[in-house]
Amino acid sequence: YHLFCQLRIILKQICKKYGITENIFFNGVFGALLASAISVDKSIFTTIYHGRNDSRLTNAVGMFVKTLPVLCDVSKDTDYYFKNLQTQILGMMNNDLFPFPEISRKYKIIPNSMVVYQGETFEFDKICGEKAERIVLDVNAAKTPISLEIFLNNGLYRFELEYRSDMYSKEYAH
């Protein structure tokens, strides 16, 4: 437990040094690993964000998650790499009027990898005073051929990797 807490402290220091969030850090690391795995300087993948940039949605209940394409150029120095990635992702979040899935369909772009930083998860047992039960859905299929979700529970990171077994072996994916 102590080791994992130390890693979180180090990660927060890295984020502070580069002026980025943990979300940008994990997207950046994923992009660099992806580029390295296929021996290229640039990688492209998708990520998601909450989709609640409109103040009218502040108290709305619903699924507003939006998919964003991410391009990482690992040929640049670390400072530029992270700052550029943060500018790119925040820019897309602020200008998300045209949904990426529509662009994907129109131009036949098929995302093959995704990283999702979920951040701090929350647990509750009541909604509006009524008992609530969490139901975990087992969809039996990866959202993309390979995807990584990062959760933060009680100060510790949890990673969940999904992949299509017809495309990747367990050894390769892990």
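Everything in this summary refers to the structure shown in the same document. Remember, predicted model here, so these are calculated numbers, not experimental data.

1. A short note on helix H3 (residues 78-94)
Line of reasoning, step 1. End to end, H3 covers 24 Å across 17 residues, agreeing with the expected 24 Å (1.5 Å per residue, within 8%).
Line of reasoning, step 2. Every buried residue belonging to H3 is among Tyr81, Phe82, Leu85, Gln86, Ile89, Met92 and Met93, and all of these are buried. Here the buried residues of H3 occupy an arc of 140° about the axis, which is enough to place them on one side. The exposed set on the far side of H3, more than 90 degrees from its buried face, consists of Thr87 and Asn94.

2. Comments concerning the packing of aromatic side chains
Aromatic ring pairs are reported here in terms of the distance separating the ring centres and the angle at which the planes meet.
Line of reasoning, step 1. One pass over the full model with this rule turns up nine aromatic pairs.
Line of reasoning, step 2. Consider the rings of phenylalanine 25 and phenylalanine 82, whose centres lie 6.1 Å apart with planes at 25°: the pair is stacked. Here the residue phenylalanine 25 occupies a position in helix H2 (residues 22-37), and phenylalanine 82 occupies one in helix H3, the gap between them amounting to 57 residues. Phenylalanine 82 shares its class with phenylalanine 25; the two are buried.
Line of reasoning, step 3. Geometrically, the ring pair formed by phenylalanine 26 and tyrosine 117 is stacked, given 5.5 Å between the ring centres and 20° between the ring planes.

3. Some details on unusual backbone geometry
Line of reasoning, step 1. Unlike most non-glycine residues, serine 39 shows phi in positive territory, near 55°.
Line of reasoning, step 2. Tracing the backbone shows serine 39 in the loop between H2 and strand E1 (42-49).
Line of reasoning, step 3. A residue is classified by how much of its surface remains accessible, and serine 39, at 67% relative accessible area, is exposed.
Line of reasoning, step 4. You will see that lysine 108, though not glycine, has its phi angle at about 55°, which is positive.
Line of reasoning, step 5. Position of lysine 108 relative to the elements: it lies in the loop between helix H4 (100-107) and strand E3 (113-120).
Line of reasoning, step 6. Judged by relative accessible area, which is 71%, lysine 108 ranks as exposed.

4. Observations concerning the layout of surface pockets
The gaps left among the atoms become clear once a water-sized probe is rolled over them.
Line of reasoning, step 1. The computed volume of the second largest pocket comes to approximately 560 Å³.
Line of reasoning, step 2. What lines the second largest pocket is a set of 21 residues, among which Phe30, Leu33, Leu34, Ala37 and Ile146 lie closest to the centre.
Line of reasoning, step 3. Those elements that provide at least two residues to the lining of the second largest pocket are H2, E1, strand E6 (146-153), strand E7 (156-163) and helix H5 (170-173).

5. Looking at the environment of alanine 35
Line of reasoning, step 1. Within the secondary structure layout, alanine 35 lies in helix H2.
Line of reasoning, step 2. For alanine 35, a relative accessible area of 0% puts it in the buried group.
Line of reasoning, step 3. With 80 residues separating them in the primary sequence, alanine 35 and valine 115 have C-alpha atoms 14 Å apart.
Line of reasoning, step 4. Contacts of alanine 35, omitting those with residues within four sequence positions, involve Val40, Asp41, Lys42, Ser43 and Val74.

6. Some points on the nonpolar core
Line of reasoning, step 1. Core analysis: the biggest nonpolar cluster contains 25 residues, and Ile20, Phe25, Phe26, Phe82, Ile89, Ile150 and Tyr157 have the highest contact counts within it.
Line of reasoning, step 2. Elements represented by at least two residues in this core include exactly helix H1 (2-18), H2, E1, strand E2 (66-73), H3, E3 and E6.
Line of reasoning, step 3. The contact partners of phenylalanine 26, leaving out residues within four places of it in the chain, are Leu11, Val115, Tyr117, Ile150, Tyr157 and Phe159.

7. Things to note about H2
Line of reasoning, step 1. For H2, built from 16 residues, the straight-helix expectation of 22 Å at 1.5 Å per residue is met to within 8% by its first-to-last C-alpha distance of 22 Å.
Line of reasoning, step 2. Burial in H2 covers these residues: Glu22, Asn23, Ile24, Phe25, Phe26, Asn27, Gly28, Phe30, Gly31 and Ala35.
Line of reasoning, step 3. Just past H2, the residue serine 39 takes up positive phi, approximately 55°.

Conventions we followed
Residues numbered from 1 in each chain as written. Predicted model: local features only at pLDDT ≥ 70, side-chain atom pairs only at ≥ 80, totals over all residues. Heavy atoms only, no water. Helix = DSSP H or I, 4+ residues; strand = E, 2+ residues; numbered from the N terminus. Expected span 1.5 Å × (residues − 1). Buried < 20%, exposed > 50% of the residue type's maximum accessible area, 1.4 Å probe, protein only. Arc of directions from axis to C-beta. Phe/Tyr/Trp six-rings, centres within 6.5 Å; stacked < 30°, edge-to-face > 60°. 1 Å grid on protein atoms, 1.4 Å probe; cavity = no way out; pocket = protein on both sides within 12 Å on 5 of 7 lines; lining within 4 Å. Points joined across faces, edges and corners; volume = space filled by probe spheres on them. Contact = heavy atoms within 4.5 Å. Core = buried A, V, L, I, M, F, W, Y, C linked by side-chain atoms within 4.5 Å.

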